[in-house]
Amino acid sequence: MASLPNIVILGDYERALRRFSSWDKLDQNAKLTIHHEPLRDEALYEAVKDADAIAIVRDRSPFNEALIARLPKLKFLMFTGERNGTLEAASLVSRNIPMACTPGGPSKETTAELTWALILGASKRLIEQNKLIASGVWRDSLSVLPMLSGERLGVMGLGAIGSRVARVGAAFGMEVLTWSPRMTPERAAAENAKSVSMEELLKTSKVVTMHLVAGPGTKGLISADQLDLMRPDSILVNTSRSALINMTDLQKALAAGKPGQAAVDVFDIEPLPEKDLLRNTPNLLVTPHLGFIAEPIFAAFSKGITETLEAWLEQKPVPHPFKPQ
């Protein structure tokens, strides 16, 4: 009797994949292993060295050319979502190993929601207010809160997420400013925003929120000089990519009081190391990259994985083949 194909699932940190689709066929027709812990380097190799097929949640498990070269048994690889920034796909193409992806789900909507959760959480000092109640206190000096209505909201990047964030800001009565490397007054006006220079946006906005792609022209965009321009009562928010901000400079800037607060969902290393100073930086509200962590998104991931791997096992066309550009 032929042995069952060996399928390895990587990066199910939330232990969520089995919740949203049926895995019965895969359990019956393959040797299936699901890894919930972060794996890198040699630990990652040990997990996948005997795999016939691999499925990766997002880009949590980096596959470079050297690792792929050490996997002679590999016949198929897939990932969730429509992009993977840590996969050297050319190495798979050179070996004629097919790839596939899954639908991404409504991540733009959920990221916009989280952005506003962070803005409001920081502005209204919700963590501090909750700690007061838990400690038996009622109010203190931080309970006299600012308001956002009438203030300026600086949106850096007015794409699918940034435009959603801008519309909510306008609904709160904020004046929406915007900047990006290719912003035009006409494009800004289409979203009822005002196109300004990056300097004006940073100097005058109560809230600055990042919604840019981290590319050659935007990596490290916000560092010490830019942070020094910000208002001492401002809030810097990043739910996009950590590479947009020099995080070491941000820690120093928060200590110096400009900006007054920051709220961040993305980090240079994820999961954030246990002893990383960002876990306990004053005036910094952090969340564990929750922008795309939502039930409908993981339902799309789970269904996409099971349908794709079932098709692969049955030697049928996979639903979403991936062909790198």
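Below you will find a few notes about this structure. Keep in mind that this is a model prediction, so the values were computed, not measured.

1. Quick notes on unusual backbone geometry
In this structure, the amide linkage connecting Lys 258 to the following residue, Pro 259, adopts the cis form with an omega of 5°. By the element assignment, Pro 259 lies in the loop between helix 11 (247-256) and strand 11 (261-264). Residue Pro 271 is reached from Glu 270 by a cis peptide bond, and omega for that bond is -5°. Mapped onto the secondary structure, Pro 271 falls in the loop between strand 11 and strand 12 (284-286). A positive phi is found at Arg 15, a non-glycine position, where the angle reads about 50°. Residue position: Arg 15 is located in the loop between strand 1 (6-10) and helix 1 (24-29).

2. Quick word on the environment of Val 137
For Val 137, the location among the structural elements is in the loop between helix 6 (126-134) and strand 6 (152-156). Residues Val 137 and Asn 246, 109 residues apart in the sequence, show an inter-C-alpha distance of 37 Å.

3. What about the side chain of Asp 249?
Within the element layout of this structure, Asp 249 appears in helix 11. If sequence neighbours within four positions are ignored, Asp 249 has contacts with Ser 223, Ala 224 and Leu 227.

4. Structural notes on the pattern of salt bridges
Counting across every chain of the model gives 17 salt bridges. We note a salt bridge from Lys 49 to Glu 46, for which the minimum N-O separation is 2.9 Å. Across the pair Arg 231 and Glu 151 runs a salt bridge whose closest N-O atoms are separated by 3.2 Å. Of the two residues, Arg 231 is situated in the loop between helix 10 (224-227) and strand 10 (235-238) and Glu 151 in the loop between helix 6 and strand 6; the sequence distance between them amounts to 80 residues. Residues participating in the shared-partner salt-bridge network are Glu 151, Lys 206, Arg 231 and Asp 233.

5. Side note on helix 11
Turning to helix 11, its buried residues are Met 247, Asp 249, Leu 250, Ala 253 and Leu 254. Taken around the axis of helix 11, the buried residues stretch over an arc of 145°, which confines them to a single face. Along helix 11, exposed side chains directed more than 90 degrees from the buried face belong to Lys 252, Ala 255 and Ala 256. Against the buried residues of helix 11 lie helix 10, strand 10, strand 11 and strand 12. Between the side-chain oxygen of the N-cap and the backbone nitrogen of Thr 248 there are 3.1 Å, and the N-cap of helix 11 in question is Asn 246. The positive-phi residue at the C-terminal boundary of helix 11 is Gly 257, with phi of around 95°.

6. A closer look at helix 7 (residues 160-171)
Its 12 residues give helix 7 an end-to-end C-alpha distance of 17 Å, which sits within 8% of 16 Å, the value for a rise of 1.5 Å per residue. Within helix 7, the full set of buried residues consists of Gly 162, Ser 163, Val 165, Ala 166 and Gly 169. All buried residues of helix 7 lie within an arc of 160° about the axis, which places them on one face of the element. In this structure, the buried side of helix 7 is in contact with helix 5 (107-123), strand 6, strand 7 (175-179) and strand 9 (207-210).

What counts, and at which threshold
Throughout, a residue's number is its position along its own chain's written sequence, starting from 1. The predicted nature of this model means local features are confined to residues of pLDDT at least 70 and side-chain atom pairs, given and counted, to a pLDDT of 80 or more, with totals for whole chains, interfaces and linings taken over all residues. Only hydrogens and water are set aside; all other atoms, that is, all heavy atoms of the structure, feed into the side-chain values. By definition, any uninterrupted DSSP run of H or I lasting at least four residues is a helix, any uninterrupted run of E lasting at least two residues is a strand, and each is numbered from the N terminus. Here, residues are in contact when the closest pair of their heavy atoms is within 4.5 Å. Any Lys or Arg side-chain nitrogen located within 4 Å of an Asp or Glu carboxyl oxygen qualifies as a salt bridge. With a 1.4 Å probe rolled over the protein chains alone, any residue whose accessible area is under 20% of its type maximum counts as buried; one over 50% counts as exposed, and the rest are partly exposed. Working note: the arc is built from the helix axis to C-beta atom directions. Under the rule applied, a polar contact is a pair of N or O atoms within 3.5 Å (in protein, one hydrogen donor and one hydrogen acceptor; residues adjacent in sequence only if both atoms are side-chain atoms). Here the expected length of a helix is defined as 1.5 Å per residue gap, with one fewer gap than residues.

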